[in-house]
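The chain contents come next:
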Amino acid sequence: MAWFKRQSGDLDASGEKKMRTEGLWVKCESCRQIIWKKDLEENQNVCPKCGKHFRIDARTRLANLFDDGEYETFSDNLASTDPLKFVDLKPYSERLKKAQEETGLTDAVINARGKLNGRDVIISAMEYSFIGGSMGAVVGEVITRAIEEALEKNKPIIIISASGGARMMEGVLSLMQLAKISAALARLDEARVPYVSVLTDPTTGGVTASFAMLGDVNIAEPGALIGFAGPRVIEQTIRQKLPPGFQRSEFLLEHGMLDAVVHRKEMKAYISRALEFMSPGVSRQPSVAS
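Rules of the game
Residues numbered from 1 in each chain as written. Predicted model: local features only at pLDDT ≥ 70, side-chain atom pairs only at ≥ 80, totals over all residues. Heavy atoms only, no water. Phe/Tyr/Trp six-rings, centres within 6.5 Å; stacked < 30°, edge-to-face > 60°. Lys NZ or Arg CZ within 6 Å of the ring centre and 35° of its normal. Helix = DSSP H or I, 4+ residues; strand = E, 2+ residues; numbered from the N terminus. Expected span 1.5 Å × (residues − 1). Buried < 20%, exposed > 50% of the residue type's maximum accessible area, 1.4 Å probe, protein only. Contact = heavy atoms within 4.5 Å. Pairing = 2+ DSSP bridges. Patch = residues over 30% accessible without salt bridge, like charges linked within 9 Å, V, L, I, M, F, W, Y side chains within 5 Å. Areas by Shrake-Rupley, 256 points an atom, 1.4 Å probe, with all protein chains shown as cover. Salt bridge = Lys/Arg side-chain N within 4 Å of Asp/Glu carboxyl O. Disulfide = S-S within 2.5 Å.

Q: Just to check I follow, could you spell out the packing of aromatic side chains for this structure?
A: This structure, assessed with the given rule, holds 3 aromatic pairs. Ring centres of F246 and F251 lie 5.4 Å apart, and the angle between their planes is 65°; on these two criteria the pair is classed as edge-to-face. Of note, K52 hangs over the ring of F54, and the distance from its end group to the ring centre comes to 5.9 Å. The ring of Y128 carries R55 above its face, with NZ or CZ at 4.7 Å from the centroid.

Q: Mind showing me how you'd approach helix α6 (residues 171–190) here?
A: Note on helix geometry: an α-helix contains 3.6 residues per turn, so any two residues three or four positions apart are oriented the same way. Taking 1.5 Å per residue as the helical rise, α6 with its 20 residues ought to reach 28 Å, and the 31 Å between its terminal C-alpha atoms agrees with that figure. Every buried residue of α6 is listed here: S174, Q177, L178, I181, A184, L185 and L188. Looking at the buried residues of α6, the elements they touch are α5 (137–153), β8 (157–163), β9 (195–204) and α7 (205–208). R192, located one to two residues past α6, shows a positive phi value of around 60°.

Q: Would you mind showing me how to read the pairing of strand β6 (residues 109–116) here?
A: Successive residues of a regular strand alternate their side chains across the two faces of the sheet. With respect to burial, β6 is a largely interior element, 7 of its 8 residues being buried. Across 4 bridges, the pairing between strand β5 (residues 71–74) and β6 is antiparallel. In the strand pairing of β6, T73 is matched with A112. As judged from the 8 bridges shared by β6 and strand β7 (residues 119–126), these two strands associate in the antiparallel manner. Within the sheet, the bridge partner assigned to N111 lies in β7 and is S124. In textbook terms, the turn of a hairpin is the stretch between consecutive antiparallel strands, and for β6 and β7 this stretch comprises 2 residues, one of which, N117, has a positive phi near 50°.

Q: When you look at unusual backbone geometry in this model, what are you seeing that I'm missing?
A: With the exception of glycine, the majority of residues adopt a negative phi angle, and the majority of peptide bonds are in the trans configuration. The step from D201 to P202 runs through a cis peptide bond, and the omega angle for that step is -5°. Located in the positive-phi region is S75, a residue other than glycine, with phi close to 55°. Relative to the elements of secondary structure, S75 occurs in the loop between β5 and α4 (92–103). Under the relative-accessibility criterion, S75 is labelled buried at 17%. Although it is not a glycine, I131 sits at a positive phi angle of roughly 50°.

Q: Help me out: how do you make sense of a nonpolar patch on the surface in this one?
A: Nonpolar side chains collect at one region of the surface, where L24, W25, I34 and W36 lie side by side and expose about 380 Å² of accessible area between them. Following the sequence through the fold, W36 ends up in strand β4 (residues 34–36). Take W36: its relative accessible area is 32%, and that puts it in the partly exposed class.

Q: Just to check I follow, could you spell out the environment of Y71 for this structure?
A: If you trace the backbone, Y71 turns up in strand β5. Spatially, the C-alpha atom of Y71 lies 7.6 Å from that of K115, the residues being 44 residues apart in sequence. Residues contacting Y71, with those up to four places away along its chain left out, are R59, L62, A63, F66, A112 and R113.

Q: Help me out: how do you make sense of the state of the cysteines in this one?
A: The bond known as a disulfide is covalent and runs between the sulfur atoms of two cysteines. A complete count under the given rule lists 0 disulfides for this structure. Cysteine C31 is unpaired, with the sulfur of C50 as its nearest cysteine sulfur at 3.7 Å. Relative accessible area serves as the criterion here: at 23%, C31 is assigned to the partly exposed category. Looking at C50, it has no disulfide partner, and the nearest cysteine sulfur is the one in C28, 3.6 Å off.

In short, shape yes, function no, at least from these values alone.
Right under this line is the structure:
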């Protein structure tokens, strides 16, 4: 081993120093293949071997959909006040503070405005790493504000769901958001402003029971877990084994609960075509679909 390699890294069993490769490789949970992390990122975090869609954060989703990855955020100054002073293994206020520090967000959603293939759109992207993407009062308010802006400015809205459901630490206040967002979407529907719902892994609980399934077009990523109660809860309740692939996007598409299952690399172009179909003749700047 060359001396310059021996000078870096940790000593192995033979006494020589070894090169550090931690974090450079990722193991796919589906096909069990080892993937070079850079190759995975360049493929939009989709396994090049089997096509498994890895979870990605909200900022990455926004960058993938907006032209040149450029967008402007809004309604990003709202934060929960812990109305119930909830405590389980630790105070809810501590969970909030930790999630805010780790993600750099005030809550589990980002509102953004920008252009998608030259068309002005509004996107609300949920962040799963913020307390499981759970929907509390702030998430409900932020998404409602995005819908109201879409209604006021006659812009299509895209909501990207990634959530474990309603946030139990806020009790009935979180459940109220189901009706609040659904009512806002009803007003949007009356005004004939397009709404595209994108369901990612996972989309469960109250989010599925409300806005995630109310799109003019409901699209899911391949292999996404989508449902109200989880598979294990259902099996324990009905005491029956569920069919293979139950509650995965392909199963839901086959049974008429989704309009399409779209590969992440094709998502932007698919949404663009859907918006063109729903709003023909809307002026937009020319852009190359990606």
